[in-house]
Structures are given as structure tokens and as C-alpha cells.
Amino acid sequence: QVQLVESGGGLVQAGGSLRLSCAASGRIFSINAMAWYRQAPGKQRELVAKITSGGSTGYADSVKGRFTISRDNAKNTVYLQMNSLKPEDTAVYYCYADYYSTYKLREDSWGQGTQVTVSS
């Protein structure tokens, strides 16, 4: 079982920056991809950014040019650098991992979420 723990959320004014971190631990054989999702009250969870094992990245149009996803494989951690934050970025941000366990089974896992609030 793999555990994902997010950190770095908080309250920030519009135009400010935050960096989210997600540390993975557990019986991981290999990671296929990791991603950040977010969910605002009353809305569906949406993909914000993703990164594959090969380092390819993708972003939602709403955050492209402002957010950057990256990995530190040595620390088994994925990051989301968020710049030029807007009130509409306010949401709970969730880390996601698609991986093979040490039992060679393909599994996925979600973090518990971290709150990001952007004030006007």
C-alpha cells in the first residue's frame, strides 16, 4: 500500500505563490505517473497537472503558464509550484499516483488533500 502525503497549502493573496509537495512512501515497484488534482466546493475534481515517469508534463489550460509540476525521484516527491494565484484557484488540492506495487500489480493512490485559499 502506498501513502501520499501533501503539504504546502495555505492562505495567500491574489498574485502570490505557493509550492505544494507530495511525498510518496510504501511498497512501490515503479511509478507510471503522478498528478495534481483539485476540487472546489460543489464542483467536480479536475486535473491540474501531470507528470509521467519519463518526465513529460501536461497542464489544464486554466493554469498553463502559471503552475509547474516537477519531481525529485531521490526524495520520492512531486511538487506543484503555483505562481500568479487567482481566487478561482481556491480548492482542495490532491496528489495522485499511478504505479506498480512490489507485488507487480498496477494500483493507484490519492493523498488526503491540502487546502489552498486565494483571497482577493
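Look up a bit, the structure's there.
The following paragraphs examine the structure supplied in this document.

About the criteria used
- Per chain, residues are indexed from 1 in the order of the written sequence.
- Only residues with pLDDT of at least 70 are given local features in this predicted model, and only at 80 or more are side-chain atom pairs given and counted; all residues enter the totals for whole chains, interfaces and linings.
- With hydrogens and water stripped out, all remaining heavy atoms of the structure feed into the side-chain values.
- Put simply, a disulfide is two cysteine sulfurs that come within 2.5 Å.
- Strands here mean DSSP runs of E at least two residues long; helices mean DSSP runs of H or I at least four residues long; both are numbered from the N terminus.
- Each residue is assigned to one of three classes by its accessible area relative to the maximum for its type, calculated with a 1.4 Å probe on protein chains only: buried under 20%, partly exposed between the two thresholds, exposed over 50%.
- By definition, two strands form a pair when at least two bridges between them are found by DSSP.
- Working convention: axes come from line fits to C-alpha atoms, limited for helices to the stretch in contact. Angles between N-to-C directions cover 0 to 180 degrees.

Section: the state of the cysteines
Phase 1 of the analysis: Per the stated rule, a full pass over the model turns up 1 disulfide.
Phase 2 of the analysis: There is a disulfide in this structure between C22 and C95, and the S-S distance comes to 2.1 Å. Note on the C22 and C95 pair: the S-S dihedral is about -85°, so by sign convention the disulfide is left-handed. Of this pair, C22 sits in strand 3 (residues 18–26) while C95 sits in strand 9 (residues 91–101), and the two are 73 residues apart along the sequence. Across this residue pair, the class does not change: C22 and C95 are buried.

Structural notes on the sheet that holds strand 7 (residues 67–72)
Phase 1 of the analysis: Pairing in this open sheet of 4 strands is antiparallel, and the strands run 1-3-8-7 from one edge to the other. The open sheet has two free edges, formed respectively by strand 1 (2–7) and strand 7, since each of these has just one partner strand. Recorded for the sheet is a direction-independent mean angle of 15° between the axes of neighbouring strands.
Phase 2 of the analysis: Direction of pairing for strand 1 relative to strand 3: antiparallel, over a ladder of 6 bridges. Within the sheet, the bridge partner assigned to V5 lies in strand 3 and is A23.

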